[in-house]
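# Observations on chain architecture
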Amino acid sequence: MKLSSYTNQISQSLTQQIPDAESTSSLEQSLRNGMEAIFGKQTGQSVTGEVIQINGNEILLSLGKNQLLQAKLEGSMSVQTGQLLTFQIRNHAGNKVTLSPLFENIGQDANISRALRQAGIPINGNTASMVKAMMNEGLPVDRQSLYQMNRCVNANPQVDIKTLAQMQRLSLPITPENITQFEAYKNYQHQLGESLSDIADAFVKTFHEITGNQSMQDGLQFYQEVLGALTKEVPPSDAGNQQENTVGNEALKNVGEKAQAGQASVAVTELLSEEQVDHLSHSLRRAGAPEALVKSMLLGKLSGKELLEEVNRFLLKDEVPDREELFKLLDGKEFKQILKGEMNRQWLLMPDEVAEENSVDRLYERLNSQMKQLQQALNQAAKTDTPLAKTVANVNSNIDFMNQLNQMFTYVQLPLKMQNQEANGELFVYTNKKSLAKKDGAVSALLHLDMEHLGTVDVHVTLTDQKVATKFYMKDDAALDLIEANINLLNEHLNKRGYSMNAQFVKQEEERNLMNEILEQNKNISVLADYSFDARA
């Protein structure tokens, strides 16, 4: 099916039926304007016009103000007056242009063109897509709303219009950082835990870059600032506005993989092999560490965090006995292993910790404080374009985006430390904040877990009074059998707390995306900034 346009075939009967054409001369000028607009485009580009007149297989399209295109329909294409059609330019030569209708003709609703005309916005493919996206998201399409969205679309020409409309509905500020995070969340590329795991390796690369390109002193100073960020205690703030979701926490704790016991920093002798401890003790002595410190470590009385604190104090001294040996200590695999372990201890949650009141708030307080200090250290070292700088910036943007999302919904990522593995969890409560604050009716939540051994696990939990209904969704039959075989542990735990539980187990064909779950919620939820989980606290 093709549509061919000819400027030399102006139907007199058609001309007489056009109310806006005061004379043949004005009609011809509008047609010339339309052809100029077409010939100003390249082959392969699209053109959109509103059908304003139909006469048999001939139609008249309005491309914009004083821009008309007379066309002949070929094939069985059916159109209606007021319909907005989008075509791709296949060829133009001489006074003839060949257009092919695109599959994504989105202007079938005459209301789209009418809304654009009333708002004084040109009718084209982009503006029609904009109105369509706004309608799909339940956004108002009044003059002011269309004007504001059109400015947003023009300011972000490379961004999917659907993305902009969705962000507008969620009241998310449309910034480059938020756009990046929003699209990452929709494309399963948002996991905070992965970025945190990348920081240790990125830090080592940056440390080598500084010492290699600048000086050893600059590198040691940078190392000291990083250790200072990790060992500095973050004072607790008021986290009382974060409502604890007991059911979600219990389901997360007992999902089927045993958690590591203990939350405090463990002894160096437990973190390293006997051979590694011996090698580290020699490195410490060569670097000028006090003998008492080395003996304390060998006796198992020095934790990983305490070792980092002692080395940090050593770096703060004006005079270091042997900088080269100190550099070798910091660059050794044993010290790197302890450093990475301490990062994981501080930045990943044990499942037992999730059940503790305000534990998630404390995690994000610590993350926010330490990421700011890392960013400051990078700025001072003039290393703002390194793997570490990019990773830290991504973590900061992710946390900031999560906080903005929480002005409306209850959603949080849970970077987890399980037994012999790391996992990423997400918790989303299916209710707006106003309903959650009232504590009336049923509350539903979805826990999305990505784990090495069990794979993807979705746990849908509904709490009504003291009754808990859970559905476990998993792709692997063996994993489902494992959960079902151990569900009695969760049942017993909930019974002790006064809850009764009914569990179901479902084979899941496709992975669920929590951003899609959020987007499917009530499109008229209002922002409630006074009751929010603040990841930047």
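Residues numbered from 1 in each chain as written. Predicted model: local features only at pLDDT ≥ 70, side-chain atom pairs only at ≥ 80, totals over all residues. Heavy atoms only, no water.

Consecutive residues of a regular strand have side chains that alternate between opposite faces of the sheet. For strand E2 (residues 46-55) and strand E3 (residues 58-64), the ladder comprises 5 bridges, and the chain directions are antiparallel. For Ile54, the partnering residue across the bridge sits in E3 and is Ile59. What sits between the antiparallel neighbours E2 and E3 is a turn of 2 residues, in which Gly56 has the positive phi angle 70°. (Pairing = 2+ DSSP bridges. Helix = DSSP H or I, 4+ residues; strand = E, 2+ residues; numbered from the N terminus.)

The next thing to look at is unusual backbone geometry. Note: most peptide bonds trans; most residues except glycine with negative phi. A positive phi angle is found at Tyr188, which is not glycine, with a value near 60°. Secondary-structure assignment places Tyr188 in the loop between helix H7 (176-186) and helix H8 (192-213). One non-glycine residue, Asp465, adopts positive backbone phi at about 55°. Take Asp465: it is sitting in the loop between strand E10 (455-464) and strand E11 (467-474).

Applying the stated criterion across every chain yields a total of 12 aromatic pairs. Their ring planes at 55° and their centres at 4.9 Å tell us that Tyr185 and Phe401 sit as a pair that is tilted. Of this pair, Tyr185 sits in helix H7 while Phe401 sits in helix H19 (residues 387-405), and the two are 216 residues apart along the sequence. Consider the rings of Phe472 and Phe505, whose centres lie 5.7 Å apart with planes at 20°: the pair is stacked. One end of the pair, Phe472, is in strand E11; the other, Phe505, is in strand E12 (residues 500-507), with 33 residues separating them in the sequence. Through successive ring pairs, a cluster of aromatic residues spans Phe203, Phe207, Phe222, Tyr223, Phe327 and Phe335. (Phe/Tyr/Trp six-rings, centres within 6.5 Å; stacked < 30°, edge-to-face > 60°.)

With that out of the way, let us pick up the environment of Leu61. Within the secondary structure, Leu61 is located in strand E3. Relative accessible area serves as the criterion here: at 1%, Leu61 is assigned to the buried category. Expressed as a C-alpha distance, the spacing of Leu61 and Gly34, which sit 27 residues apart in the sequence, is 9.0 Å. The contact partners of Leu61, leaving out residues within four places of it in the chain, are Gly49, Glu50, Val51, Gln67, Leu68, Leu69 and Phe87. (Buried < 20%, exposed > 50% of the residue type's maximum accessible area, 1.4 Å probe, protein only. Contact = heavy atoms within 4.5 Å.)

To continue, consider the pattern of salt bridges. Counted according to the given criterion, the structure contains 11 salt bridges. For the salt bridge of Arg313 with Glu310, the shortest nitrogen-to-oxygen distance reads 2.5 Å. Of this pair, Arg313 and Glu310 both sit in helix H14 (residues 304-316), 3 residues apart, which is roughly one turn of that helix. The exposure class of Arg313 is partly exposed, given its relative accessible area of 45%. Between Asp385 and Lys390 there is a salt bridge; the shortest N-O distance is 3.8 Å. The two residues Asp385 and Lys390 agree in class, both being exposed. In this structure, a network of salt bridges that share partners links the residues Arg286, Glu325 and Lys328. (Salt bridge = Lys/Arg side-chain N within 4 Å of Asp/Glu carboxyl O.)

Turning next to the confidence of the model for the protein. Within the protein, residue pLDDT values average 78, and 79% of them lie at 70 or more. By mean pLDDT, the top-scoring element of the protein is helix H12 (residues 274-286) (94), and the lowest-scoring one is helix H10 (residues 246-253) (36). Low pLDDT, under 50, characterises residues 1-21; the stretch is placed with 56 contacts to residues that sit more than four places away or in other chains. Below pLDDT 50 for its whole length, residues 238-262 participates in 65 contacts with residues either more than four positions away or in separate chains. (pLDDT = per-residue confidence, 0-100.)

In this section: H7. Each full turn of the α-helix corresponds to 3.6 residues, which orients residues three or four apart in the same direction. Inspection of H7 places Asn178, Ile179, Gln181, Phe182, Ala184, Tyr185 and Lys186 among the buried residues, and these make up the whole buried set. Looking at the buried side of H7, the elements it contacts are helix H6 (161-169), H19, strand E7 (409-418) and helix H23 (514-519). Tyr188, located one to two residues past H7, shows a positive phi value of around 60°.

To continue, consider the environment of Ile59. Inspection of the secondary structure puts Ile59 in strand E3. We classify Ile59 as buried; its relative accessible area is 0%. For the pair Ile59 and Lys72, spaced 13 residues apart in sequence, the C-alpha to C-alpha distance is 6.3 Å.

So, on to the environment of Glu291. Position of Glu291 relative to the elements: it lies in helix H13 (residues 291-298). Under the relative-accessibility criterion, Glu291 is labelled partly exposed at 35%.

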